[in-house]
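Fold and contact review
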Amino acid sequence: MPRQPRREPWSRERLLHERAIALGLAIDISTSATYDSHLNSYLNFCTLHHFPVEPTPDTLSFYVVYMCANIKPRSVASYLTGICNKLEPYFPGVSANRKSILVARSLSVASLTRVGLVEVSTINDLPPNASHDSLLFAAMLTTGFMALLRLGEMSLPDNVAIRDLRKCSRRSTVTWFDDGYGFDLPYHKADRFFEGNKIRIIPTAMAEDGCAPHLIQAAGRWASNTFQIYIRKNPVLLQALLFNRTQQ
């Protein structure tokens, strides 16, 4: 066997300390607060129906059908994720119960509910004397949709305890280009190594006008792999490129 490098042993106190740090960074503070809300929803359900707290397949399936009747069915799956995260230290089998056939089939009711489309007004639809709040809201909608940003990356939560200034993009990082604009996103919940991202917003008009993808990439100063990922994830740009390709 190859020799292992010599390493100093840690005390139990340091092991506990380092593990606490690792677990603290496992999920974002805002995600943890959301999971707390999901757990409270489950505990309230058990209290209302006089069920034990143990998340058996029966109890979870009852919870699923009950919540599907009270909130958007698509949200119930994320509720179950939060419940599993919070209860797993006390009930190690909760994840297996969540994946059971009974719970999965109960959750399939979500696919039977049609969700209507919501039309979002663009900046061009705003009146000339629109308020600052209206302009800001329209800018957030446009930026969030085009850059696939989460709501938490564009706004501060009402709960002061879960605000994280590391996620705030500074006005000093905003850069205007001939065909769009960009800014720095210093941190987000999926950024475990605090690397940040440079966000670039380019209009879809170039794609809609039949502009070649490599020209759009050059105009937006995209790296090749980043641009390909953006195309796959942005439905407007992808549709425009595919439609114009079939028309040629």
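None of these values were measured; they are calculated from a predicted model.

Turning next to the packing of helix α2 (residues 29-49) against helix α4 (residues 73-87). Put simply, α2 and α4 touch, their axes get as near as 8 Å, and they point 95° apart. Between α2 and α4, the angle falls in the class roughly perpendicular. Together, Ser32, Tyr35, Asp36, His38, Leu39, Ser41 and Tyr42 of α2 and Ser78, Tyr79, Thr81, Gly82, Ile83, Asn85, Lys86 and Leu87 of α4 make up the contact between the two elements. Its residues assigned to classes, the contact of α2 with α4 shows six nonpolar, seven polar and two charged.

In this section: the nonpolar core. With 16 residues, the main nonpolar core has Tyr42, Tyr63, Val64, Val76, Leu80 and Ile83 as its most contacted residues. Elements that contribute at least two residues to this core include exactly α2, α3 (57-68), α4 and α6 (101-107). If we skip the residues at most four places from it in the chain, tyrosine 42 touches Pro52, Val53, Glu54, Pro55, Thr59, Leu60, Tyr63, Ile83 and Leu87. Met146, Ala147, Leu149 and Leu185 belong to the second-largest nonpolar core, a separate cluster that totals eight residues.

The subject of this paragraph is the environment of threonine 173. Topologically, threonine 173 is positioned in the loop between α7 (132-147) and β1 (175-177). Each C-alpha atom, one on threonine 173 and one on lysine 198, is 9.3 Å from the other, the two residues being 25 residues apart in sequence. Beyond its immediate chain neighbours, meaning those up to four positions away, threonine 173 contacts Gly182, Phe183 and Asp184. A polar atom in the side chain of threonine 173 sits 2.7 Å from the backbone oxygen of arginine 170.

Attention now moves to α2. The terminal C-alpha atoms of α2 lie 31 Å apart, and with 21 residues this matches the ideal 30 Å at 1.5 Å per residue to within 8%. Packed against the buried residues of α2 are α3 and α4. Looking one or two residues beyond α2, the residue adopting positive phi is histidine 50, at roughly 60°.

On to the packing of α3 against α4. At a minimum axis distance of 9 Å, the contact between α3 and α4 shows a crossing angle of 140°. Between α3 and α4 lies a crossing whose hand is right-handed. Taking contact as the criterion, the partners of Leu60, Tyr63, Val64, Met67 and Cys68 in α3 are, on α4, Pro73, Val76, Tyr79, Leu80 and Ile83. Of the residues that constitute the contact of α3 with α4, the class distribution is 10 nonpolar, no polar and no charged.

Next up on the list: the packing of aromatic side chains. For the coordinates displayed, the defined rule picks out six aromatic pairs. Ring geometry for phenylalanine 45 versus tyrosine 66: centroids 5.4 Å apart, planes at 45°, classification tilted. In this pair, phenylalanine 45 is assigned in helix α2 and tyrosine 66 in helix α3, connecting sequence segments 21 residues apart. Here the aromatic rings of tryptophan 176 and tyrosine 181 are separated by 5.4 Å at their centres, their planes lie at 45°, and the arrangement is tilted. Chaining the aromatic ring pairs together yields one cluster made of Tyr42, Phe45, Phe51, Phe62, Tyr63 and Tyr66.

What counts, and where the lines are drawn
- Residues numbered from 1 in each chain as written.
- Predicted model: local features only at pLDDT ≥ 70, side-chain atom pairs only at ≥ 80, totals over all residues.
- Heavy atoms only, no water.
- Axes fitted to C-alpha atoms, helices over the stretch in contact; angles between N-to-C directions.
- Helix = DSSP H or I, 4+ residues; strand = E, 2+ residues; numbered from the N terminus.
- Parallel < 35°, antiparallel > 145°, perpendicular 65-115°, else oblique.
- Contact = heavy atoms within 4.5 Å.
- Nonpolar A, V, L, I, M, F, W, Y, C, P; charged D, E, K, R; others polar.
- Core = buried A, V, L, I, M, F, W, Y, C linked by side-chain atoms within 4.5 Å.
- Buried < 20%, exposed > 50% of the residue type's maximum accessible area, 1.4 Å probe, protein only.
- Polar contact = N/O pair within 3.5 Å; in protein donor to acceptor, adjacent residues only side chain to side chain.
- Expected span 1.5 Å × (residues − 1).
- Left-handed = near helix turned anticlockwise from the far one by under 90°.
- Phe/Tyr/Trp six-rings, centres within 6.5 Å; stacked < 30°, edge-to-face > 60°.

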